[in-house]
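One-letter residues, chain by chain:
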Amino acid sequence: MKTFYKLLLLGFIILGCSNDSSEEYVDIPAGPTPSTLNIPQIFENQLIDPIIPADNPQTEEGIALGKKLFFDPILSLDFSQACASCHMPQNSFTDINTFSTGVNGDLGIRNSMPLFNLAWNFDEHFFWDGRSFGLEHQASLPVEDPTEMANTWETVVDRLNNHPEYPELFQAAFGNAPISRDLATKALGQFERTLISANSKFDNYFLGTASLTPQEQNGLAVFMDEDRGDCFHCHGNPNNPLWTDNAFHNNALDSTFSDNGLGDITGDPADNGKFKTPSLRNLAYTAPYMHDGRFATLDEVINHYSEGLQNSPTVDPLMKTVNQGGVQLTEQDKADLKAFLLSLSDPSFLNNPDFIP
Amino acid sequence: MKRLLSFCLCLLLISCFEDKDDNLDLSNLATPTFRFTQNWDGTDVSIDDLITTQFTNAHGETLNISNLKYLISKIVFENADGDIFILNGYQLVDLSDPSTSLFSPEGSLPEGLYTLKFVYGFNEMDNIDGAYPELNSASWNWPQMLGGGYHFLQMDGMFNVDTTIATPYNYHHGTAKLSDTEFEQNFVNFEFTNSIFISHNTEIEIQFNLAELFKNPNLWDLNQYSSSLMPNYDAQKMMQQNAATAFSIGQVTN
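Peer 1: Looking at this model, I keep getting lost on the overall build of chain A. Mind explaining?
Peer 2: Counting its regular elements, chain A contains 14 helices and four strands. In terms of overall dimensions, chain A has C-alpha extents of about 70 × 70 × 40 Å along its principal axes. Evaluated residue by residue, chain A yields a buried proportion of 54% over its 357 residues. Within chain A, counting contacts between residues at least 6 apart in sequence, those at least 24 apart form 66% of the total.

Peer 1: I keep staring at the domain arrangement of chain A and nothing clicks. Help me out?
Peer 2: In many analyses, interface size is given as the accessible surface area lost on bringing the parts together. Residue and element names in this part refer to chain A. According to the domain assignment, chain A contains domain 1 (48–196) and domain 2 (201–349). Of note, the centres of domain 1 and domain 2, computed from C-alpha atoms alone, are 27 Å apart. Together domain 1 and domain 2 conceal approximately 2000 Å² of surface at their shared face, both sides included; 61% is due to carbon and sulfur atoms. Broken down residue by residue, the surface that domain 1 buries against domain 2 is led by Phe116, Trp128 and Asp129, which jointly contribute 30%. Along the contact surface separating domain 1 from domain 2 lie one salt bridge. In this structure, the salt-bridge partner of arginine 110 is aspartate 259, at a minimum N-O distance of 2.7 Å. For the side of domain 1 that touches domain 2, the per-class residue count stands at 15 nonpolar, 11 polar and five charged.

Peer 1: Where do I start with the environment of A:Thr314 in this structure?
Peer 2: Residues and elements named next belong to chain A. By the element assignment, threonine 314 lies in the loop between α13 (298–307) and α14 (331–342). For the pair threonine 314 and phenylalanine 116, spaced 198 residues apart in the sequence, the C-alpha separation amounts to 29 Å. Ignoring anything within four residues of it in the chain, the contact list for threonine 314 reads Asn250, Phe257, Pro269, Ala270, Asn272 and Lys274.

Peer 1: How do you make sense of the packing of aromatic side chains when you look at a structure like this?
Peer 2: The relation between two aromatic rings is expressed through the spacing of the ring centres and the mutual angle of the planes. Enumeration over the complete set of coordinates arrives at 41 aromatic pairs over all chains. With 6.0 Å between their ring centres and 80 degrees between their planes, A:Phe116 and A:Phe349 make a pair best called edge-to-face. With A:Phe116 in the loop between α4 (83–86) and β1 (125–126) and A:Phe349 in the segment after α14, this residue pair connects regions lying 233 residues apart in the sequence. A:Phe349 matches A:Phe116 in its accessibility class, with the two residues each being buried. Residues B:Phe122 and B:Tyr132 carry aromatic rings whose centres are separated by 4.8 Å and whose planes lie at 25 degrees to one another, so their mutual orientation is stacked. Within this pair, whereas B:Phe122 is found in the loop between β10 (112–120) and α2 (133–137), its partner B:Tyr132 is found in the loop between β10 and α2, the two being separated by 10 residues in sequence. What makes B:Phe122 buried here is its relative accessible area of 1%. Given the relative accessible area of 16%, B:Tyr132 is considered buried. A network of ring pairs unites the aromatic residues B:Phe34, B:Phe36, B:Tyr70, B:Phe77, B:Phe85, B:Tyr114, B:Phe118, B:Tyr120, B:Phe190, B:Phe192, B:Phe208 and B:Phe247 as a single cluster.

Rules behind the numbers
- Residues numbered from 1 in each chain as written.
- Chains lettered and ligands numbered in written order.
- Predicted model: local features only at pLDDT ≥ 70, side-chain atom pairs only at ≥ 80, totals over all residues.
- Heavy atoms only, no water.
- Helix = DSSP H or I, 4+ residues; strand = E, 2+ residues; numbered from the N terminus.
- Buried < 20%, exposed > 50% of the residue type's maximum accessible area, 1.4 Å probe, protein only.
- Contact = heavy atoms within 4.5 Å.
- Domains from an automatic or database assignment.
- Buried area = accessible area lost by both parts, 1.4 Å probe.
- Salt bridge = Lys/Arg side-chain N within 4 Å of Asp/Glu carboxyl O.
- Nonpolar A, V, L, I, M, F, W, Y, C, P; charged D, E, K, R; others polar.
- Phe/Tyr/Trp six-rings, centres within 6.5 Å; stacked < 30°, edge-to-face > 60°.

Here it is in structure tokens:
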């Protein structure tokens, strides 16, 4: 009986093999060159696979097109603003303003967000309030946002069609399909997924190729200590090198809200005052901080958590000392925490030639 | 990929045959499904109760729940002959994500009568720091300075919500730290005596009575133990003791 089953199973294996190998003879029409995402070792070791939509595989031509679009003011009403105007490489793809100014001179109501490791946002909720699902969908919004590029996709598609280079680039990336919003946002999504940052001092420390100063080490301990910083429940930990949970919390910034954040998207008052936890990578380049850019420095951020907490009905219970205003860190712990936070910044991300036009 | 998968599957089956005696009817393999449910002393607790529902614990504090996640691993079935079937995999149940309440472990076993064991949390063999990408990605890690590995339970919310000073609590359970260099395993091994008939479509309900966490054997006073419980050895050991009566087998459907 045993032998019978083994033979049967062996048969399955062989069948399975011969079935599969026949696929190798199928001709694939010439098209864009597939490009695999360059997954850093530390992500490969620690994290699940990044999100790449089945209908938008990475290709060399798609990425190149996305990069050109990202840096091209052609997307904006008056040709004055590119994605990169508010997402600048030297600032880890955010800007230095509290609120960004759109082409009409209007101020938005939120601080621009740095862009990196976006394919590892496993829930795919984008923006501070999570209102956009998926990177391609997100990329369709700035063009028509009246406080940003204030354009229409119809105009953009028109311009791209009449451009000396774009028609060829779209064809190389997507074949003969006509230029559309759909294809432009796919290209942008492909480029954005390549913006990967995983080469900070701390990354190298984790991989065993760099060491932390005693101050940075104590800062990590403050970060991980429930009695002190207790930052890790929301902002990742050495085993989660994203340094965010990509989830939504009220971290006790305000007692009443001028911006409801997630609450306005879900319509649930229990979500008022909740915003997406930002990654703590690259803080050295991304000031000011928080959804409204209220803090100009990391010291202000740390002081907030230490003694500035504001109570409200939706405050996250992880802000456990909210009734005392915060965790009351010592000056030494504050300085060490800051040193640790800065060890998460990755200078090589700023001048990676693949990310700069 | 498909090829690899069927190959592994075959190896798996072949190795099963080698290990087990020939009397088992291996032509009728089944993989049971688990349904994890929560209750508060018999009243169902579901996603709809998050934040909005108030519960009163045995000590008399009124509380709400804004986050509840827990980890179940190492599911083992044993038949009357003492044959043991270990189903690999683990499940992180998240009250805010109903899809996580259903779990099909890896592997299968012949139809028949079994008793069930599982581990609440990870046992020391499995509680390896950083070893599970899925759990790392969910930030489920337990700090290395507390012994590392993973959380077993996170329950967060506010207590004294019926007073003017509602206060946060963070009931987080994992490895217990005795000193800077000594750590104590803190999981619970559940061994149920009920016999369960496992057939092709068996679904086993595992009930988690949250109220037990606050009363048995240790009457839990949130005013004393509300937060920073992770580094608190006494709190961690009390959590382990209280969890030991919190799980039971509910409905088994075939």
